[in-house]
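# Chains, contacts and geometry: an overview
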Amino acid sequence: MSSEIGQSHLIMKVIVVLGCQVDPATGLPGPVLETRLDQTLQLYRSLNTDDTIIVVSGGGSFPESRVMKDYLVEHGIPHHKIFEECNSRNTVENCLYTFKFLDEVSLYLSYQEITSSYPNCNYYEPTKWGPVKVERIWVVSSEFHIPRVCRIFSALNIRNWSIVYITSQSPPEMLDRLMLKESKVNVDAMLVSYMKFM
């Protein structure tokens, strides 16, 4: 097998689903997170899945990313198409760590390199050599959260990736409380606190 770098880019579509509360008693997605994951399943199945990967983004003491991956695998997504970002603690970090991951993936030239850094993922087959081009990113989150997501991802999108924002519908009985909580978030302060380190 030749390991020479190919002349053309591998084209990749990326779905990013943002984490939310996990039920600590069961280790299963909470009701809001479950709606995001169900929306992700629907989106994934509507795309050409051969060139689509999913990034599940969310940390915590009980990593949201692992719960999210387990749920998606149980519902039919191949485990090797799902990458875990398990360090983020808030929406800004969701964005920063996901973009960092995509920057790194765009530079990988071989299967061995990417699997050594991300051993739980083996999307890139050994016969596929060459740099990767991100064609489009779909970011999935809840309706109360999407305005914050749009502002943050747009502000930090220095690569000018094409981003589409996909909204999941939260359980109606929870929406008023979630909207009230979201209204108290100071997005500008969050961005400023991180941008000074960039």
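Our subject in this report is the structure included herewith. (Residues numbered from 1 in each chain as written. Predicted model: local features only at pLDDT ≥ 70, side-chain atom pairs only at ≥ 80, totals over all residues. Heavy atoms only, no water.)

### Points about the packing of helix H5 (residues 146–156) against helix H7 (residues 187–195)
Here is the rule we go by: To define axes, lines are fitted to C-alpha atoms, for helices over the stretch in contact only, and angles between the resulting N-to-C directions are given on a 0 to 180 degree scale. Strands are runs of DSSP state E lasting at least two residues, helices are runs of H or I lasting at least four, and both sets are numbered from the N terminus onward. Angles below 35 degrees are treated as roughly parallel, those above 145 as roughly antiparallel, those between 65 and 115 as roughly perpendicular, and all remaining angles as oblique. By the definition used in this description, the sense in which the near helix is turned from the far one sets the handedness, with an anticlockwise turn below a right angle giving left-handed and a clockwise turn giving right-handed. In what follows, a contact means two residues having at least one pair of non-hydrogen atoms within 4.5 Å. Throughout this entry, Asp, Glu, Lys and Arg are counted as charged residues, while Ala, Val, Leu, Ile, Met, Phe, Trp, Tyr, Cys and Pro are counted as nonpolar. The remaining residues, Gly among them, count as polar.
Where H5 contacts H7, the axes come no closer than 11 Å and their chain directions differ by 30°. With respect to their mutual orientation, H5 and H7 come out roughly parallel. Along this stretch, H5 crosses H7, giving a crossing that reads as right-handed. Of the residues in H7, those touching H5 at Arg148, Arg151, Ile152, Ala155 and Leu156 are Val187, Asp188, Met190, Leu191 and Met195. For the contact of H5 with H7, a count of residues per class yields seven nonpolar, no polar and three charged.

### Topic: helix H6 (residues 172–183)
Inclusion rule: By definition here, a helix of n residues has an expected span of 1.5 Å times n minus one. Exposure classes here rest on a 1.4 Å probe applied to the protein chains alone. A residue is buried below 20% of its type maximum, exposed above 50%, and partly exposed in between. Read the arc as the range of directions from the helix axis to the C-beta atoms.
Between its terminal C-alpha atoms H6 stretches 17 Å, which fits the 16 Å expected from twelve residues at 1.5 Å a residue. Every buried residue of H6 is accounted for by Met174, Leu178 and Glu182. The buried side chains of H6 occupy one side of the element, clustering within an arc of 70° when seen end-on. Residues Glu173, Asp176, Arg177, Leu180 and Ser183 are exposed on H6 and point more than 90 degrees away from its buried face.

### Quick notes on the nonpolar core
Side chains of a nonpolar character, in soluble globular proteins, are inclined to be buried together. Put simply, the rule is: Throughout, nonpolar core names a set of buried Ala, Val, Leu, Ile, Met, Phe, Trp, Tyr and Cys residues whose side chains join them through atoms within 4.5 Å.
Counting 26 residues, the largest nonpolar core has Met12, Val14, Phe99, Ile137, Val139 and Phe153 as the members making the most contacts within it. Of all the elements in the fold, those that place two or more residues in this core are strand S1 (10–18), strand S4 (52–57), helix H3 (91–107), strand S6 (132–142), H5 and H7. Among the elements that make up this core, the one with the highest residue count is H3 (six residues). Each residue touching Phe99, except ones within four places of it in the same chain, is listed here: Ile137, Phe153, Leu156, Asn157, Trp161 and Ile163. In terms of nonpolar packing, the next biggest core, distinct from the first, is built from 25 residues, Val32, Val67, Tyr71 and Leu72 among them.

### Observations regarding the sheet that holds strand S5 (residues 82–85)
Rules: Pairing between strands requires that DSSP locate at least two bridges from one strand to the other.
Read from one edge of the open sheet, five strands run S5-S4-S1-S6-S7, paired in parallel fashion. Of all the strands in the sheet, just S5 and strand S7 (163–168) have a single pairing partner and so form its edges. On average, each strand axis in the sheet is inclined to that of its neighbour by 25°, with strand direction left out of account. Examined bridge by bridge, S6 and S7 share six bridges and lie parallel to one another. From the neighbouring strand, Ile137 faces S7, where its bridge partner is Ile163. Strands in contact with H5 are S1, S6 and S7; relative to S7, the strand with the most contacts, it is inclined by about 165°.

### Things to note about the pairing of S6
Judged by how many residues are buried, S6 sits mostly within the fold: eight of eleven residues are covered. In this sheet, S6 lies alongside S1 in parallel orientation, the contact comprising eight bridges. Paired with Leu10 across the strands is Val132, a residue of S6.

### As for the pattern of salt bridges
Where we set the bar: By salt bridge we mean one thing: a side-chain nitrogen of Lys or Arg within 4 Å of a carboxyl oxygen of Asp or Glu.
Going through the model one piece at a time under the given rule, you end up with eight salt bridges. With its nearest N and O atoms 2.5 Å apart, the salt bridge here joins Glu93 to Arg89. Given the relative accessible area of 2%, Glu93 is considered buried. Note on Arg89: relative accessible area 69%, which makes it exposed. Salt bridges here are not isolated pairs; linked through shared partners, they connect Lys13, Asp51 and Glu135.

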